[in-house]
Amino acid sequence: MHEGKAVAGSIMYYNERFIHYHLAGTHTEYRKLSPSNLLLYEVACWASERGIKQFHLGGGMAPDDGLFGFKKQFNKNGRKPFVVGRTIFDKKTYDNLMNIRKNLDSEFDME
């Protein structure tokens, strides 16, 4: 919050051992105040007070992109091996959404 206005927010999941940073957003005009940094710091403090030892921030949208760089600054030695799983539970809906995306962006790679 800044002057009574929500300027950044996040959805996180947690249990007694881990906290997982899932989604976040920052109001564009307040980015210069770095509210996401403060939000992550406060969440880390909150988790630590509850005995949660690991804070998973995830990666970026592409290898070593700006989003990953932002997250990596919180732990310079924190890169871990990972895998990405992909299961399509509703193929018809998935195909429909893929076609909508392709129609909106001719450069979108369907693969």
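Note: the structure precedes this text.
So, how was this worked out
Residues numbered from 1 in each chain as written. Predicted model: local features only at pLDDT ≥ 70, side-chain atom pairs only at ≥ 80, totals over all residues. Heavy atoms only, no water. Helix = DSSP H or I, 4+ residues; strand = E, 2+ residues; numbered from the N terminus. Rg over C-alpha atoms; globule rule 2.2 N^0.38 Å. Buried < 20%, exposed > 50% of the residue type's maximum accessible area, 1.4 Å probe, protein only. Contact = heavy atoms within 4.5 Å. Areas by Shrake-Rupley, 256 points an atom, 1.4 Å probe, with all protein chains shown as cover. Lys, Arg positive; Asp, Glu negative; His and termini not counted. Charge placed at Lys NZ, Arg CZ, Asp CG, Glu CD. Patch = residues over 30% accessible without salt bridge, like charges linked within 9 Å, V, L, I, M, F, W, Y side chains within 5 Å. Salt bridge = Lys/Arg side-chain N within 4 Å of Asp/Glu carboxyl O. Core = buried A, V, L, I, M, F, W, Y, C linked by side-chain atoms within 4.5 Å. Pairing = 2+ DSSP bridges.

A.B. asks: Go over the overall build of the protein chain, please, and point to the residues and values.
C.D. replies: Looking only at helices and strands, the protein chain has three helices and three strands in total. Radius of gyration (C-alpha) of the protein chain: 17 Å, far over the 13 Å computed for a compact globule of 111 residues. By principal-axis analysis of the C-alpha atoms, the protein chain measures approximately 45 × 35 × 25 Å. For the protein chain, with 111 residues in total, the buried portion stands at 14%. Considering only contacts in the protein chain between residues 6 or more positions apart, those separated by 24 or more positions represent 45%. Carbon together with sulfur atoms contributes 55% to the accessible area of the protein chain, which is approximately 9,300 Å² in total. Across the protein chain, the centroid of the 16 positively charged side chains sits 5 Å from that of the 13 negatively charged ones.

A.B. asks: How would you explain a nonpolar patch on the surface if you had to name every residue and give the values?
C.D. replies: Together, Ile11, Tyr13 and Leu23 give the surface a local cluster of nonpolar side chains, amounting to about 310 Å² of exposed area. Along the chain, the position of isoleucine 11 falls in strand β1 (residues 8-14). Take isoleucine 11: its relative accessible area is 41%, and that puts it in the partly exposed class.

A.B. asks: So what about the nonpolar core? Which residues, and what values?
C.D. replies: Met12, Ile19, Tyr21, Leu40, Val43, Ala47, Ile52 and Leu57 form the largest nonpolar core, which has eight residues in total. Listing elements by their share of this core, those giving two or more residues are β2 (18-26) and α1 (35-49). No other element matches the three residues that α1 contributes to this core. In this structure isoleucine 19 touches Met12, Tyr13, Tyr14, Val43, Trp46, Ala47, Ile52, Gln54, Phe55 and His56, once residues within four positions along its chain are discounted.

A.B. asks: Report on the pairing of β2, specifying residues and quantitative values.
C.D. replies: Across seven bridges, the pairing between β1 and β2 is antiparallel. Note that in β2 the partner of methionine 12 across the bridge is tyrosine 21. Remark: three residues form the turn of the hairpin made by β1 and β2, two consecutive strands paired antiparallel. Examined bridge by bridge, β2 and strand β3 (residues 54-56) share three bridges and lie parallel to one another. For phenylalanine 18, the partnering residue across the bridge sits in β3 and is glutamine 54.

A.B. asks: Please give an account of the pattern of salt bridges that cites residues and values.
C.D. replies: Following the criterion strictly, the structure yields three salt bridges and no others. Of the charged contacts in the structure, one is a salt bridge between arginine 50 and glutamate 49, with a shortest N-O distance of 3.7 Å. Taking the shortest distance from any N to any O, the salt bridge between arginine 101 and aspartate 105 comes out at 3.9 Å. Residue arginine 101 is classed as partly exposed on the basis of its relative accessible area, which comes to 42%.

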